[in-house]
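# Structural description and commentary
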Amino acid sequence: MSEITAEQVAHLASLARIDLSPEEITSLTHDLGQIVASVEKVSQVATADIPATSHPLPLTNVFRADVVVPSLTIEQALSGAPDRDGDKFRVPAILDGE
């Protein structure tokens, strides 16, 4: 089991330009040690006959099938428009000139 030392934590904090108090270094040393131990346990369990997964449960597509259906005609779409320009909506200008 690889052991994380307080010197390693202090060195990493220095590289990251993080100012840690001695109490924070002690706490992080313990926390990082537990993380490394947990990763080692998972590494022992992971074997070649167990396929890698990205999710604990199988995913299925929950969306409906994409089916082409008739859409509105131009007249139907523009029937409620307050103003139109040919077969387009006419809206007030919001930008000058361009």
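## With respect to the overall build of the chain
When helices and strands are counted, the chain shows three helices and two strands. From first element to last, N terminus to C terminus, the chain shows the α and β order α-α-α-β-β. Rg of the C-alpha trace for the chain: 31 Å, well past the compact-globule value of 13 Å for 98 residues, more than 25% over. Relative to its 98 residues, the chain shows a buried fraction of 9%. Taking contacts inside the chain between residues at least 6 apart in sequence as the whole, the part at least 24 apart equals 28%.

## So, unusual backbone geometry
Positive phi, close to 60°, is recorded for arginine 17, a residue that is not glycine. Note on placement: arginine 17 falls in the loop between α1 (6-15) and α2 (22-45). Using a relative accessible area of 79% as the deciding quantity, one classes arginine 17 as exposed.

Cut-offs used in this document
Here the residue numbers are simple positions, counted from 1 along each chain's written sequence. Reporting in this predicted model follows two pLDDT cut-offs: at least 70 for local features of residues, and 80 or more for side-chain atom pairs to be given and counted; totals over whole chains, interfaces and linings ignore these cut-offs and use all residues. Side-chain measures here rest on the full set of heavy atoms in the structure, leaving out hydrogens and waters. Under the DSSP-based scheme used, a helix requires at least four consecutive residues in state H or I and a strand at least two consecutive residues in state E, with every element numbered from the N terminus. Throughout, radius of gyration means the C-alpha value; the globule benchmark is 2.2 Å times the number of residues raised to the power 0.38. Remark: exposure states derive from per-residue accessible area (1.4 Å probe, protein chains only) relative to the maximum for the residue type, with buried under 20%, exposed over 50%, and partly exposed in between. Contacts were defined at the residue level, with two residues in contact if any of their heavy atoms lie within 4.5 Å.

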